[in-house]
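A closer look at the structure
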Amino acid sequence: EDPSLERHFKGHRDAVTSVDFSLNKKQLASGSMDSCVMIWSMRPQMRPYRFVGHKDAVLCVQFSPSGHLVASGSRDKTVRLWVPSVKGESTAFKAHTATVRSVHFSSDGQSLVTASDDKTVKVWTVHRQKFLFSLSQHINWVRCARFSPDGRLIVSASDDKTVKLWDKTSRECIHSFCEHGGFVNHVDFHPSGTCIAAAGTDNTVKVWDVRMNRLLQHYQGNAVVNSLSFHPSGNYLITASNDSTLKILDLLEGRLLYTLHGHQGPATCVAFSRAGDLFASGGSDEQVVVWKTNFDAEDYGDALKTQKSGTNVDGTQPALQSEMDCGVHLKKTKSQDPDRNHVQQEEETSLAKTLEHIMAQLDVLTQTVSILEQRLTLTEDKLKECLENQQKIIQNKMS
């Protein structure tokens, strides 16, 4: 059975450009050409929040890992950080000199990487909201940039037809993948951090191993691919294309599983929820659609253990999950003592809740401090003006 359509969200007044789920799946963020960021509640009959602040089209949105902040990038050249609540307070970052096409948090929530038409990739600190450094070797617009799961690497995709891999510490480009025949619209890391997938205007999706820098898989479609998202298990990849379809690829078998028709006109963006049981898509038809995934958790739990035989471009076995076996073994040993496991689970849950609460407080504090800093700067500016005026008056009197 196909993945099933869950819900339609209507409220944007122009094409939807980006979608992302919060950690707990209670909220979904979307950005649109209508210059708004919208936060939709996954609970029925809850009104969405519409955030106004960007002066031009919003091209990308993402929840922070804790879910207490939303970053957005816009054609107005700014990046904004929002608190996803009724007030919708936000602060703006300015360092790019052209349209910002991509925002992405590191998995610890401390850094943000952005990509822009000014041909640069920039890295920022989230809590200080300070620009740190630029990566500038692309020779055309940069459409997308992502941190690796461990935060040590950055991958970027550009209209110069390359995908570049960067070392975050040395800030150097480690490798350029040049196999795309067109602009590269989107790129992301496999959950294991060992591979990347890129989508392009040459109608293809390519998967590379970043340890050996070699092409693992190549999928040829019939239309420009705008966006892609890995399932958290790492076994599936979903794409959104100009022919209005979403396609789910089975990476272990190396084949197309489903083609879904949910949009009138180009499907512009797609994203799995953090647990992988839902995915959302957006389109030029101004709609956000939420779908229920039909893969059973058992299926991909087993799939991590027993590598199904798929073949790669060069006829070898896919090396996608070699890093992920250890997780499965750990799970097995844990569940041998059910009582201890249960207690442990409860402790872990309460710990996770406490941590999430602390993160929430931190995020709110950060925003408050940053708003206060802005006010302070305004006050300082006014004070400076007053002093300058006084000096002018004194000088005029003396002369």
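In this text the structure is predicted, and so the values were computed from the model without any measurement.

So, about a nonpolar patch on the surface. Judged by side-chain polarity, Leu-351, Leu-355, Ile-358 and Leu-362 come together as a nonpolar surface patch covering roughly 380 Å² of accessible area. Residue placement: Leu-355 occurs in helix α3 (residues 338–398).

For the rest of this paragraph, the subject is the pairing of strand β4 (residues 36–41). Burial analysis of β4 places 6 of its 6 residues in the buried class, the great majority of the element. Every second residue of β4 is oriented toward a common face, with Cys-36, Met-38 and Trp-40 on one face and Val-37, Ile-39 and Ser-41 on the other, all of them buried. Judged from the 5 bridges that link them, strand β3 (residues 27–32) and β4 form a sheet pairing that is antiparallel. By the bridge assignment for β4, Gly-31 is matched with Val-37. What sits between β3 and β4 in their antiparallel hairpin is a turn of 3 residues, with Ser-35 showing a positive phi close to 75°. The sheet contact formed by β4 and strand β5 (residues 49–52) spans 4 bridges and is antiparallel. When the bridges of β5 are listed, Cys-36 appears paired with Val-52.

For the rest of this paragraph, the subject is the environment of Thr-366. Structurally, the position occupied by Thr-366 is in helix α3. Of the residues examined, Thr-366 reaches a relative accessible area of 8% and is grouped as buried. Separated by 238 residues in the primary sequence, Thr-366 and Arg-128 place their C-alpha atoms 7.7 Å from one another. Leave out the neighbours within four places in its chain, and Thr-366 touches Val-126, His-127 and Gln-129.

Okay, the side chain of Thr-194 next. With respect to the helices, strands and loops of the structure, Thr-194 is situated in the loop between β18 (184–189) and β19 (195–200). Among the polar contacts listed, one links the side chain of Thr-194 to the side chain of Ser-192, at a separation of 2.7 Å.

Further remarks concern the UniProt feature "repeat: WD" (unreviewed entry) in the protein chain. Using the residue numbers shown here, the UniProt feature "repeat: WD" (unreviewed entry) corresponds to residues 9–43, 51–82, 93–134, 135–176, 177–218, 225–259 and 260–292. The distance separating the terminal C-alpha atoms of residues 225–259 is 13 Å; by composition the span is 0% helix and 66% strand. From the first C-alpha to the last, residues 260–292 spans 12 Å; its make-up is 0% helix and 61% strand.

Once that is clear, we can look at the packing of aromatic side chains. Throughout the structure, instances matching the rule amount to 8 aromatic pairs. Between the aromatic rings of Tyr-49 and Phe-51, the centroid separation amounts to 6.2 Å while the plane-to-plane angle is 5°, which identifies the pairing as stacked. Judged by its relative accessible area of 23%, Tyr-49 falls in the partly exposed class. Owing to a relative accessible area of 3%, Phe-51 belongs among the buried residues under this scheme. Relative to Trp-82, the ring of Phe-51 lies with its centre 5.1 Å away and its plane at 15°, an arrangement referred to as stacked. Taken as a pair, Phe-51 in strand β5 and Trp-82 in strand β8 (residues 78–82) lie far apart in primary sequence, 31 residues in all.

Turning next to the confidence of the model for the protein chain. When the pLDDT values of the protein chain are averaged, the result is 84; 86% of them are 70 or greater. Every residue in residues 302–338 is under pLDDT 50, and counting partners more than four places away or in other chains gives 63 contacts.

Cut-offs used in this document
Residues numbered from 1 in each chain as written. Predicted model: local features only at pLDDT ≥ 70, side-chain atom pairs only at ≥ 80, totals over all residues. Heavy atoms only, no water. Patch = residues over 30% accessible without salt bridge, like charges linked within 9 Å, V, L, I, M, F, W, Y side chains within 5 Å. Areas by Shrake-Rupley, 256 points an atom, 1.4 Å probe, with all protein chains shown as cover. Salt bridge = Lys/Arg side-chain N within 4 Å of Asp/Glu carboxyl O. Helix = DSSP H or I, 4+ residues; strand = E, 2+ residues; numbered from the N terminus. Buried < 20%, exposed > 50% of the residue type's maximum accessible area, 1.4 Å probe, protein only. Pairing = 2+ DSSP bridges. Contact = heavy atoms within 4.5 Å. Polar contact = N/O pair within 3.5 Å; in protein donor to acceptor, adjacent residues only side chain to side chain. UniProt positions renumbered as here; feature names shortened; annotations may be inferred. Phe/Tyr/Trp six-rings, centres within 6.5 Å; stacked < 30°, edge-to-face > 60°. pLDDT = per-residue confidence, 0-100.

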